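Structure at a glance
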Amino acid sequence: MKTDFILEVAIQQLRNNFLLTEIEAEEIKKIDKAAYEKTMYSLDKINLKYKNKYYEGELNPFNAVMYCQYLYRLSNEAYKLNLIKIAEKIYYLNKMLNSVELFYAVNLPKIWSCEHPLGSVFGRAQYGDYFFFYQGCTVGGNGGHEGGGY
């Protein structure tokens, strides 16, 4: 399994847009394997039209679906290790590139995917395996409080 290319693209984009430090880049390299494997696991369970046809088991940063999932997983892995500044940078990169609100603290299931994620927003709700969304989807949660809030 080759993870280097997608990782290099992500780190370069984070450096260009968020002044990623070398220490932060090294931390991201440590969590890449988990993010990559979780993304591949999810995508292997979904019939993604272009995944196997052109990329032979590798994630492609130029495929919005693959990159969106990978960036979410990378930010979520950073969050789990309390690397909040890194999680925020990766989350915001995903938001910039894919116009999707996939907050790093939201727990998406092991198997999920999307098509054209533009304009989608996901709050703290309960998501089940095989969750799939298209553009313009909003899922919210207010923690059981009227008037919003978590």
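Structural notes, computed from the coordinates. What you see is a predicted model, and the numbers here were worked out from it, not measured in a lab.

1. Section: the pattern of salt bridges
- The tally for this structure, following the rule as stated, stands at eight salt bridges.
- Here E37 makes a salt bridge to K33, at a shortest N to O gap of 3.9 Å. In this pair, E37 and K33 both sit in helix α2 (residues 22-45), four residues apart, roughly one turn of the helix.
- Between K38 and E77 there is a salt bridge; the shortest N-O distance is 2.5 Å. With K38 in helix α2 and E77 in helix α4 (residues 64-80), this pair connects stretches of sequence that are 39 residues apart.
- Residue K38 is classed as partly exposed on the basis of its relative accessible area, which comes to 33%.
- Judged by its relative accessible area of 10%, E77 falls in the buried class.
- Linked through salt bridges whose partners overlap, the residues forming this network are K38, E77 and K80.

2. Structural notes on the packing of aromatic side chains
- A complete count under the given rule lists 15 aromatic pairs for this structure.
- Relative to F103, the ring of Y91 lies with its centre 5.5 Å away and its plane at 90°, an arrangement referred to as edge-to-face. Taken together, the positions of Y91 in helix α5 (residues 84-98) and F103 in the loop between β1 (100-102) and β2 (112-115) put the pair 12 residues apart, joining distant regions of the chain.
- The class of F103 is partly exposed, set by a relative accessible area of 25%.

3. Observations regarding the sheet that holds strand β5 (residues 138-139)
- The strand order across the open sheet formed by three strands is β1-β3-β5, and the pairing between neighbours is parallel. The two strands at the open ends of the sheet, each matched to only one other strand, are β1 and β5.
- Bridge count between strand β3 (residues 120-122) and β5: two bridges; the pairing is parallel. Across the sheet, V121 pairs through a bridge with T138, a residue of β5.

Parameters at a glance
Residues numbered from 1 in each chain as written. Predicted model: local features only at pLDDT ≥ 70, side-chain atom pairs only at ≥ 80, totals over all residues. Heavy atoms only, no water. Salt bridge = Lys/Arg side-chain N within 4 Å of Asp/Glu carboxyl O. Helix = DSSP H or I, 4+ residues; strand = E, 2+ residues; numbered from the N terminus. Buried < 20%, exposed > 50% of the residue type's maximum accessible area, 1.4 Å probe, protein only. Phe/Tyr/Trp six-rings, centres within 6.5 Å; stacked < 30°, edge-to-face > 60°. Pairing = 2+ DSSP bridges.

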